[in-house]
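Survey of secondary and tertiary structure
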Amino acid sequence: MTGRGQHPSARARMRGLMTRAYPICRSITGDGVRRTLDLVEEALPPGAALERTAVPSGTDVFDWTVGEEWNVRGAWIDGPDGERVVDLADHTLHLVSYSTPVRARLSLEELLPHLHSLPEHPAWIPYRTTYYHRDWGFCLPHRVLEQLRPGHYDVTVDTTLAPGELVYGEVLLRGESADEVLVSCHLCHPSMANDNLTGLAVATELVRHLAALPRRRLSYRFLFAPGTIGSLAWLSRNPGVVPRIRHGLVITGLGGGGPLVYKQTRHGDRPVDDAAAHVVGHRGGEVRAYTPYGYDERQFNAVGFDLPVGRLTRTPHGEYAEYHTSADDLDFVTDDELEESLTALTEILDVLERDEVVTNLSPYGEPQLGKRGLYPTMGGKTASDAVMAMLWTLAYADGTASLLEIADRAGLPFAAIRSAADALLGAGLLAADDDCSPALTSAG
Ligand code: ZN
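Residues numbered from 1 in each chain as written. Predicted model: local features only at pLDDT ≥ 70, side-chain atom pairs only at ≥ 80, totals over all residues. Heavy atoms only, no water.

1. Points about the coordination of the zinc ion
Around the zinc ion, the protein contributes the donor atoms H189 (NE2), D195 (OD) and H324 (NE2), which lie 2.0 to 2.1 Å from the metal centre. If you list the donors of the zinc ion from N- to C-terminus, the spacing comes out as H-x5-D-x128-H. In this pair, H189 is assigned in the loop between β11 (180-186) and α5 (193-211) and H324 in the loop between β16 (309-313) and α9 (335-354), connecting sequence segments 135 residues apart. Among the residues examined, H189 registers a relative accessible area of 7% and is labelled buried. (Donors = N, O, S within 2.8 Å, 3.2 Å for Na, K, Ca; no water. Helix = DSSP H or I, 4+ residues; strand = E, 2+ residues; numbered from the N terminus. Buried < 20%, exposed > 50% of the residue type's maximum accessible area, 1.4 Å probe, protein only.)

2. Re the sheet that holds strand β13 (residues 245-251)
Here eight strands make up an open sheet; going across it, the order is β1-β10-β12-β11-β13-β16-β14-β15 and the pairing mixed. Whereas interior strands pair on both sides, the edge strands pair on one side only; in this sheet they are β1 (50-56) and β15 (286-288). With strand direction ignored, the average angle separating the axes of adjacent strands in the sheet is 20 degrees. When strand β14 (residues 261-263) meets β16, the two strands line up antiparallel, connected through three bridges. Across the sheet, the residue bridging to V261 is T313, located in β16. Across the sheet, helix α2 (residues 31-43) lies against β1, β10 (165-173) and β12 (219-225), angled at about 165 degrees from β1, the strand it touches most. (Pairing = 2+ DSSP bridges. Axes fitted to C-alpha atoms, helices over the stretch in contact; angles between N-to-C directions. Contact = heavy atoms within 4.5 Å.)

3. Examining the nonpolar core
Counting 77 residues, the largest nonpolar core has F222, F224, I251 and L312 as its most contacted members. Top contributing element to this core by residue count: α5, with nine residues. Three or more residues apiece are contributed to this core by two domains, here domain 1 (8-67 + 165-354) and domain 3 (357-441). Once residues lying within four places of it in the same chain are set aside, the contact partners of L312 are V250, I251, T252, L254, L260, V261, Y262, V280, L345 and I348. I28, W136, L145 and L161 belong to the second largest nonpolar core, which has 53 residues in total. (Core = buried A, V, L, I, M, F, W, Y, C linked by side-chain atoms within 4.5 Å. Domains from an automatic or database assignment.)

Here you go:
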């Protein structure tokens, strides 16, 4: 490997989107969300349209209410000698998200309760929000905070909180079936690469992958929404879509080191759980049981919806020091990680798209593969991987086992068993319960 990866253009597009989106001051509402959706839209392939929905402030969504829209023009603090102590223009994390407008002169004692830092990481800026409680504050490196001298500080928070709207975007790629796969990522964090931008970047590239498939059995819906209130707003506006969701994945934190980590649906035994466990297992990753804390899987899995939505990340939120700090920057995410995460997701979706139950049509002993051109003509050599995949498939194709189950039993990747099944279907040795095989399509 040269380190460049197998998909240099995908890597460049993902890196490009993250780099453009990184400096934007995002929150759960406001122009930062709109500008980020503009970038997502630009990154989409031809034929994939981003549909935006605006939900007005004051709209009730289940037990929540869409709040006022927050926008920011600038925010800074000037110190006793007129020096600028902290300035939003330097980093979007400097201002507590949803800070109310302020113009005031405060003593250091009055100011300190509004300042947030990380003593254990004195060079980093923490990420703080105050969405549902009116307040204001600044975040700064602890080493800067420690050097503040007594005196008067002039605080300017030039923000607006006013009736507006919450905006989310979605992309629907229709397949032959109305049954849907939901892929959801949040877009409400300001400058943090792993916790936010990796989800957006990988999702747009996943759209490109799916849009280019010659055939899609399932329909795919990608949701780009602010965390919690955004997914709830989507759920409240789509009662007709919710019953069609057969599988789902929340994606975020797809860089930042560590192996892939799949978090199961609430039930833990849904097809997406099996597909993800297979793929993540083959890649040395980890599967964890559902917990009611995390990202928007909490909303989708809530008892009232009970949607089979798992979550794919690498090291999950809260388990790495850089989480929710300025150290979660563009360098914290490598292109290799993005590419592997993208590949893993395409593999999971491939299982959902093409798994099916198969039946051996020549079940009385082993069928003669050689006379059908499926076996190497030179005898005596060890069976090739392709032949072994066919033998495993025939051995378990009893009309109840799915290709994924056979792959797990054989310890082979799903794609190898799927290829073997396609060869056997083409030779008339296998029947499928479903119409998942491209070979069957051409046969009519
Ligand atoms: Zn977060």
